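Close look at the chain arrangement
Spelled out from the first residue to the last, the chains are:
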Amino acid sequence: QVQLVESGGGLVQAGGSLRLSCAASGLTFSSYAMGWFRHAPGKEREFVAAVSWSGSGTYYADSVKGRFTISRDNAKNTVYLQMNSLKPEDTAVYYCAAGNGNSRYEKPMMYNFWGQGTQVTVSS
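What comes next is a walk through the structure. (Residues numbered from 1 in each chain as written. Predicted model: local features only at pLDDT ≥ 70, side-chain atom pairs only at ≥ 80, totals over all residues. Heavy atoms only, no water.)

1. Observations regarding the packing of aromatic side chains
Scanning the entire structure with this criterion turns up 6 aromatic pairs. Taking NZ or CZ as reference, R45 lies 4.6 Å from the ring centre of W114, over its face. Residue placement shows R72 over the ring face of F29; its charged tip is 4.4 Å from the ring centre. (Phe/Tyr/Trp six-rings, centres within 6.5 Å; stacked < 30°, edge-to-face > 60°. Lys NZ or Arg CZ within 6 Å of the ring centre and 35° of its normal.)

In structure tokens form, the structure reads like this:
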């Protein structure tokens with residue numbers, strides 16, 4: 001049974017930082033690309049960042065480029081999202097996803113498995 005468990009969310013002031021983690025189990029982690037998406041109330045689910053199975057390729061939404069960094073540790077079956085210079089518009093539930101589909105990294109259809117999400121709230 002595949003499980004993706006996110007942690008690290010919380011409440012932070014604008015300009016602050018958070019690091020999200022996603023621990024994976026039940027799959028060959030190093031064979032999967034990993035992505036982060038977010039869903040804010042009243043908005044559609046939005047791609048945030050992705051990393052290739054090897055970690056050599058990283059991809060970001062324009063809205064987070066230069067502020068967020070995705071990384072992975074295949075020895076720990078964990079993917080991270082370092083979020084700096086947070087803005088109120090970054091407030092959302094953040095989901096990690098694992099995928100080996102034949103699609104672009106920013107497309108949800110790329111991903112086979114999803115976590116339950118962790119809330120990030122940025123106050124102004």
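We are not done yet, so read on.
2. Focus on the state of the cysteines
Simply put, disulfide is the name for a covalent bond between the sulfur atoms of two cysteines. Within this structure, the stated rule accounts for 1 disulfide. Two residues share a disulfide in this structure: C22 and C96, whose sulfurs sit 1.9 Å from each other. Within this pair, whereas C22 is found in strand 3 (residues 18-25), its partner C96 is found in strand 9 (residues 92-99), the two being separated by 74 residues in sequence. Owing to a relative accessible area of 0%, C22 belongs among the buried residues under this scheme. (Disulfide = S-S within 2.5 Å. Helix = DSSP H or I, 4+ residues; strand = E, 2+ residues; numbered from the N terminus. Buried < 20%, exposed > 50% of the residue type's maximum accessible area, 1.4 Å probe, protein only.)

3. Observations concerning the nonpolar core
Membership of the largest hydrophobic core comes to 36 residues, with the highest contact counts inside it found for W36, L81, M83 and Y94. Elements supplying a minimum of two residues to this core: strand 3, strand 4 (33-39), strand 5 (46-51), strand 7 (68-73), strand 8 (78-83), strand 9 and strand 11 (118-123). (Core = buried A, V, L, I, M, F, W, Y, C linked by side-chain atoms within 4.5 Å.)

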